[in-house]
Amino acid sequence: RNMISRSEMHNGVTPAIGDCVYTSCYCEENVWKLCDFVRREQTAPLDQLDVVFISNENRTVPLWEQKSGQGEEPVIWDYHVVLLQTVPQSGYLIYDLDSELPFPCHANIYIHKALRSDQNLKPQYHRKLRVIPANDFLSRFSSDRSHMKNSDGTWKMPPHPTLPSALQTNLEDFISVSPFVGWGVVYSLQSFTHRYSPSPASSSAGPAHP
């Protein structure tokens, strides 16, 4: 079982969670800023970082341990984005700015507590995960934020004031769970768990029936 020491857990490659650039409902931009911080400050080799888009064909993906959740009930997102770090000889860390779990969190713990398993879920809630190298995400991602506007042009949630919108958008290519679209590798939750949680993460973190 791969374990990460306490010192590594306290020395993440990003700022402390309270110092990160964060805007509610703009998880893809929040993670882009985390990647940009690592690139600028050189706190880790960029090739140790991947960006993970969590979604499915129905845009209904349950996540537990979310700050916007209530009790043991999951939050049902259309998609969610986290940062994944490979720590050589140690394992993997996940950075989720919307989670109640530690920041960063060992991948084994995050998968066990936040993603859990699709085993007890209806098929429309099964998760897929697109894993994209951080360098590709930084150089290719573009969003005009149109998905966050109402039909009258007002914001569903206001964007970060210092981050300008792009003229074009390819956000859908990153959210898509088709292996024939976009960048990176698309995993089922089961295959993602086998890849990034070397120990047998529990596939039964309690019953779940969104």
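Here, the structure is the one placed above.
Counting starts from 1 at the beginning of each chain's written sequence and moves along it residue by residue. Totals for whole chains, interfaces and linings use all residues, but because this is a predicted model, local features are given only for residues with pLDDT of at least 70 and pairs of side-chain atoms are given and counted only at 80 or more. Hydrogens are left out, water is left out, and the side-chain values use all remaining heavy atoms of the structure.

Asks: Would you mind showing me how to read the overall build of the protein chain here?
Replies: Numbering goes from the N terminus for both helices and strands, where a helix is a DSSP run of H or I of at least four residues and a strand is a run of E of at least two. Tallying secondary structure elements over the protein chain gives six helices and eight strands in all. Along the protein chain, from the amino end to the carboxyl end, the secondary structure elements read α-α-β-β-β-β-β-β-α-β-α-α-β-α. Within the protein chain, the fraction of its 210 residues that count as buried is 48%. Any two residues whose heavy atoms approach within 4.5 Å at even a single point are treated as in contact. In the protein chain, the share of contacts with a sequence separation of at least 24, taken over all contacts with a separation of at least 6, comes to 69%. With a 1.4 Å probe rolled over the protein chains alone, any residue whose accessible area is under 20% of its type maximum counts as buried; one over 50% counts as exposed, and the rest are partly exposed.

Asks: I tried to follow the nonpolar core on my own but got confused; where do I start?
Replies: Inside soluble globular proteins, nonpolar side chains tend to come together where they are buried. Throughout this description, the term nonpolar core refers to a set of buried Ala, Val, Leu, Ile, Met, Phe, Trp, Tyr and Cys residues connected via side-chain atoms within 4.5 Å. In terms of nonpolar packing, the biggest core is built from 28 residues, with Cys35, Val51, Phe53, Leu83 and Phe137 touching the most fellow members. Every element with two or more residues in this core is listed here: helix 2 (27–41), strand 1 (49–55), strand 4 (80–87), strand 5 (91–95), helix 4 (134–140) and helix 5 (171–175). When residues in this core are grouped by element, the largest group, five residues, is from helix 2. In this view, cysteine 35 contacts Leu46, Val51, Leu83, Ala134, Phe137 and Leu138; residues no more than four positions away in its chain are not counted.

Asks: Looking at this structure, I do not really get the side chain of aspartate 118. What am I missing?
Replies: Take aspartate 118: it is sitting in the loop between helix 3 (107–115) and strand 7 (128–133). Setting aside residues no more than four positions away along its own chain, aspartate 118 makes contact with Tyr125, His126, Arg127 and Leu189.

Asks: Could you clarify how one ought to interpret the sheet that holds strand 6 (residues 105–106) in this entry?
Replies: Paired through their backbone hydrogen bonds, the strands of a sheet run either parallel or antiparallel. Strand pairing requires that DSSP identify at least two bridges connecting the strands. Taken together, the six strands give an open sheet; going across it, the order is 6-5-4-1-7-8, and neighbouring strands pair in antiparallel fashion. This sheet does not close on itself; its edge strands, each paired only once, are strand 6 and strand 8 (185–188). Across six bridges, strand 1 lies against strand 4 in antiparallel orientation. From the neighbouring strand, valine 52 faces strand 4, where its bridge partner is valine 82. Think of each axis as a best-fit line through the C-alpha atoms, taken over the contacting stretch in the case of a helix, with angles from 0 to 180 degrees between the N-to-C directions. Helix 6 (residues 189–196) rests against strand 1, strand 4, strand 5, strand 7 and strand 8 of the sheet, and its axis sits at about 105° to strand 8.

Asks: Any chance you could explain the pattern of salt bridges here in plain terms?
Replies: Two side chains bearing opposite charge may form a pair once their charged atoms approach each other closely. The rule for a salt bridge is simple: a side-chain nitrogen of Lys or Arg has to be within 4 Å of a carboxyl oxygen of Asp or Glu. Scanning the entire structure with this criterion turns up seven salt bridges. In this structure, aspartate 36 and arginine 40 form a salt bridge, with 3.0 Å as the shortest nitrogen-oxygen distance. Here aspartate 36 and its partner arginine 40 are both found in helix 2, four residues apart, which amounts to about one turn of the helix. For aspartate 36, a relative accessible area of 9% gives the class buried. In this structure arginine 40 comes out as partly exposed when scored by relative accessible area, which is 48%. A salt bridge links arginine 40 to glutamate 41, with the nearest nitrogen and oxygen atoms 3.6 Å apart. In this structure, a network of salt bridges that share partners links the residues Asp36, Arg39, Arg40 and Glu41.

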